[in-house]
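# Tertiary structure, described
Take a look at the letters that make up each chain.
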Amino acid sequence: MKRSREKAASELFAALYPRLAGWCRRLVDDDETAHEIASEAFTRLWARWTTVSEPRGFLYVTAANLVQDHWRKLERERRAVRRATTEASLSSQPEQADPSVRLLVQALPERLRVPILLHYYADMPIREVSVLTGRKEGTVKADLHAARELLRVHLRRSLDHTL
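For every chain, the first residue of the written sequence is number 1, and numbering continues from 1 along that sequence. Only residues with pLDDT of at least 70 get local features here, since the model is predicted, and only at 80 or more are side-chain atom pairs given and counted; chain-wide, interface and lining totals rely on the full set of residues. By convention in this description, side-chain values take in all heavy atoms of the structure and omit both hydrogens and water.

### Considerations on the side chain of T62
Looking at where T62 falls in the secondary structure, it is placed in helix α3 (residues 55-87). Setting aside anything within four residues of it in sequence, one finds T62 in contact with A41 and R44. Each helix is a run of DSSP H or I of at least 4 residues and each strand a run of E of at least 2, with the numbering of both proceeding from the N terminus. The contact criterion used is simple: two residues touch if any of their non-hydrogen atoms lie within 4.5 Å.

Okay, structure coming up:
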(Lines give C-alpha, C1' and ligand atoms only; values in the text may rest on other atoms or scores of the structure.)
Protein backbone atom coordinates (compact mmCIF):
# COMPACT_ATOMS: atom_id res chain seq x y z
CA MET A 1 0.00 0.00 0.00
CA LYS A 2 2.72 2.46 1.00
CA ARG A 3 4.77 1.51 -2.08
CA SER A 4 1.87 2.21 -4.45
CA ARG A 5 1.22 5.53 -2.71
CA GLU A 6 4.85 6.53 -3.15
CA LYS A 7 4.82 5.42 -6.78
CA ALA A 8 1.66 7.41 -7.50
CA ALA A 9 3.11 10.49 -5.82
CA SER A 10 6.37 10.10 -7.74
CA GLU A 11 4.52 9.79 -11.05
CA LEU A 12 2.36 12.80 -10.24
CA PHE A 13 5.46 14.80 -9.35
CA ALA A 14 7.21 13.85 -12.59
CA ALA A 15 4.13 14.72 -14.63
CA LEU A 16 3.12 18.00 -12.97
CA TYR A 17 6.15 19.59 -11.31
CA PRO A 18 7.79 21.09 -14.42
CA ARG A 19 4.56 22.67 -15.60
CA LEU A 20 3.64 23.94 -12.10
CA ALA A 21 7.13 25.40 -11.56
CA GLY A 22 6.95 27.07 -15.00
CA TRP A 23 3.56 28.55 -14.19
CA CYS A 24 4.89 29.88 -10.89
CA ARG A 25 7.95 31.27 -12.68
CA ARG A 26 5.75 33.37 -14.94
CA LEU A 27 3.92 34.74 -11.90
CA VAL A 28 6.89 35.56 -9.64
CA ASP A 29 9.57 36.23 -12.28
CA ASP A 30 12.23 34.35 -10.30
CA ASP A 31 13.36 30.75 -10.84
CA GLU A 32 14.39 30.02 -7.26
CA THR A 33 11.17 31.39 -5.76
CA ALA A 34 9.09 29.55 -8.36
CA HIS A 35 10.73 26.23 -7.49
CA GLU A 36 10.30 26.88 -3.76
CA ILE A 37 6.59 27.56 -4.28
CA ALA A 38 6.07 24.50 -6.48
CA SER A 39 7.97 22.31 -4.01
CA GLU A 40 5.95 23.66 -1.09
CA ALA A 41 2.71 22.95 -2.97
CA PHE A 42 3.81 19.33 -3.44
CA THR A 43 4.85 19.09 0.22
CA ARG A 44 1.40 20.26 1.29
CA LEU A 45 -0.22 17.82 -1.11
CA TRP A 46 1.87 14.97 0.27
CA ALA A 47 0.74 15.86 3.82
CA ARG A 48 -2.91 15.53 2.72
CA TRP A 49 -2.41 12.81 0.12
CA THR A 50 -5.16 10.50 1.36
CA THR A 51 -7.80 13.25 1.63
CA VAL A 52 -7.24 15.16 -1.62
CA SER A 53 -9.50 13.98 -4.40
CA GLU A 54 -8.12 16.23 -7.17
CA PRO A 55 -4.33 16.55 -6.71
CA ARG A 56 -3.73 18.76 -9.77
CA GLY A 57 -6.33 21.30 -8.70
CA PHE A 58 -5.03 21.21 -5.13
CA LEU A 59 -1.48 21.91 -6.36
CA TYR A 60 -2.48 24.90 -8.47
CA VAL A 61 -4.74 26.43 -5.82
CA THR A 62 -2.03 25.96 -3.20
CA ALA A 63 0.63 27.42 -5.50
CA ALA A 64 -1.64 30.39 -6.31
CA ASN A 65 -2.08 31.06 -2.60
CA LEU A 66 1.68 30.82 -2.04
CA VAL A 67 2.31 33.22 -4.94
CA GLN A 68 -0.15 35.66 -3.42
CA ASP A 69 1.66 35.37 -0.07
CA HIS A 70 4.92 36.08 -1.89
CA TRP A 71 3.47 39.20 -3.54
CA ARG A 72 2.15 40.43 -0.17
CA LYS A 73 5.58 39.93 1.36
CA LEU A 74 7.22 41.92 -1.45
CA GLU A 75 4.71 44.73 -1.00
CA ARG A 76 5.31 44.80 2.78
CA GLU A 77 9.04 45.03 2.09
CA ARG A 78 8.52 47.89 -0.36
CA ARG A 79 6.35 49.76 2.16
CA ALA A 80 8.91 49.13 4.89
CA VAL A 81 11.71 50.50 2.76
CA ARG A 82 9.67 53.58 1.87
CA ARG A 83 8.72 54.10 5.52
CA ALA A 84 12.24 53.62 6.82
CA THR A 85 13.78 55.94 4.27
CA THR A 86 11.08 58.55 4.80
CA GLU A 87 11.58 58.50 8.55
CA ALA A 88 15.32 58.78 8.00
CA SER A 89 14.48 61.93 5.99
CA LEU A 90 15.74 60.58 2.71
CA SER A 91 13.78 61.34 -0.37
CA SER A 92 13.25 58.36 -2.61
CA GLN A 93 10.72 57.26 -5.11
CA PRO A 94 8.87 53.97 -4.42
CA GLU A 95 9.84 52.60 -7.82
CA GLN A 96 13.50 53.01 -6.94
CA ALA A 97 13.56 50.93 -3.76
CA ASP A 98 17.20 49.93 -3.70
CA PRO A 99 17.73 46.21 -3.12
CA SER A 100 20.92 47.08 -1.23
CA VAL A 101 18.70 48.35 1.60
CA ARG A 102 17.86 44.73 2.33
CA LEU A 103 21.57 43.94 2.51
CA LEU A 104 22.14 46.90 4.82
CA VAL A 105 19.32 45.74 7.09
CA GLN A 106 20.76 42.23 7.14
CA ALA A 107 24.15 43.67 8.10
CA LEU A 108 22.77 45.52 11.13
CA PRO A 109 23.60 44.06 14.55
CA GLU A 110 20.84 41.75 15.75
CA ARG A 111 19.84 44.21 18.49
CA LEU A 112 18.93 46.73 15.76
CA ARG A 113 17.96 44.36 12.95
CA VAL A 114 15.18 42.52 14.83
CA PRO A 115 13.16 45.66 15.71
CA ILE A 116 13.56 46.97 12.13
CA LEU A 117 12.31 43.69 10.67
CA LEU A 118 9.39 43.42 13.07
CA HIS A 119 8.32 47.07 12.92
CA TYR A 120 8.90 47.92 9.26
CA TYR A 121 8.82 44.59 7.46
CA ALA A 122 6.11 42.89 9.50
CA ASP A 123 4.17 46.13 10.19
CA MET A 124 4.06 45.53 13.94
CA PRO A 125 3.43 48.46 16.27
CA ILE A 126 6.21 49.39 18.68
CA ARG A 127 4.21 48.01 21.61
CA GLU A 128 4.06 44.57 19.97
CA VAL A 129 7.76 44.67 19.07
CA SER A 130 8.45 45.50 22.71
CA VAL A 131 6.50 42.48 23.92
CA LEU A 132 8.06 40.11 21.38
CA THR A 133 11.63 41.22 22.07
CA GLY A 134 11.20 41.58 25.84
CA ARG A 135 12.46 45.18 25.71
CA LYS A 136 10.86 48.37 26.96
CA GLU A 137 9.08 50.51 24.37
CA GLY A 138 11.60 53.30 24.86
CA THR A 139 14.45 50.88 24.15
CA VAL A 140 12.72 49.67 20.99
CA LYS A 141 12.25 53.27 19.85
CA ALA A 142 15.90 54.04 20.55
CA ASP A 143 17.00 50.93 18.66
CA LEU A 144 14.78 51.86 15.69
CA HIS A 145 16.25 55.36 15.71
CA ALA A 146 19.82 54.04 15.86
CA ALA A 147 19.11 51.58 13.04
CA ARG A 148 17.56 54.30 10.86
CA GLU A 149 20.56 56.52 11.46
CA LEU A 150 22.96 53.75 10.45
CA LEU A 151 20.89 53.04 7.35
CA ARG A 152 20.74 56.75 6.53
CA VAL A 153 24.53 57.09 6.77
CA HIS A 154 25.15 54.02 4.61
CA LEU A 155 22.53 55.06 2.05
CA ARG A 156 23.95 58.59 1.85
CA ARG A 157 27.42 57.18 1.33
CA SER A 158 26.22 54.91 -1.46
CA LEU A 159 24.29 57.80 -3.03
CA ASP A 160 27.39 60.01 -2.87
CA HIS A 161 29.43 57.28 -4.57
CA THR A 162 26.90 56.97 -7.40
CA LEU A 163 26.74 60.72 -8.04
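### Examining helix α2 (residues 31-47)
In this scheme, a helix's expected span is set at 1.5 Å multiplied by one less than its residue total. In this model, α2 (17 residues) spans 24 Å end to end at C-alpha, consistent with the 24 Å of a helix rising 1.5 Å per residue. Among the residues of α2, T33, A34, I37, A38, A41, F42 and L45 are the ones counted as buried. Throughout this description, buried means an accessible area under 20% of the type-specific maximum (1.4 Å probe, protein chains only), exposed means over 50%, and partly exposed covers the range between.

### Quick word on the packing of helix α5 (residues 110-121) against helix α6 (residues 126-133)
Axes here mean lines fitted to C-alpha atoms, for a helix over just the part in contact, with angles spanning 0 to 180 degrees between N-to-C directions. Where α5 contacts α6, the axes come no closer than 9 Å and their chain directions differ by 135°. Relative to α6, the element α5 lies oblique. α5 and α6 meet at a crossing whose hand is right-handed. Facing α5, whose interface residues are V114, P115, L118 and H119, α6 presents I126, V129, L132 and T133. Gly counts as polar in this scheme, as do all residues outside two lists: the nonpolar Ala, Val, Leu, Ile, Met, Phe, Trp, Tyr, Cys and Pro, and the charged Asp, Glu, Lys and Arg. Residue composition of the contact of α5 with α6, grouped by class: six nonpolar, two polar and no charged. Throughout, the term roughly parallel applies to angles under 35 degrees, roughly antiparallel to angles over 145, roughly perpendicular to angles from 65 to 115, and oblique to all others. What makes a crossing left-handed is the near helix being turned counterclockwise from the far one by less than a right angle; a clockwise turn instead makes it right-handed.

### Considerations on the pattern of salt bridges
Any Lys or Arg side-chain nitrogen found within 4 Å of a carboxyl oxygen on Asp or Glu counts as a salt bridge. Tallied over the full model, the rule gives ten salt bridges. Here D69 ties to R72 by a salt bridge, and the two come within 3.1 Å at their closest N and O atoms. Taken together, the positions of D69 and R72, both in helix α3 and three residues apart, correspond to about one turn of that helix. Look at R72 and you get partly exposed, because its relative accessible area is 42%. A salt bridge links R135 to D143, with the nearest nitrogen and oxygen atoms 3.2 Å apart. The partly exposed category is assigned to R135, whose relative accessible area is 24%. Look at D143 and you get buried, because its relative accessible area is 5%. Residues joined by salt bridges that share partners form a network here, namely R25, D29 and D31.

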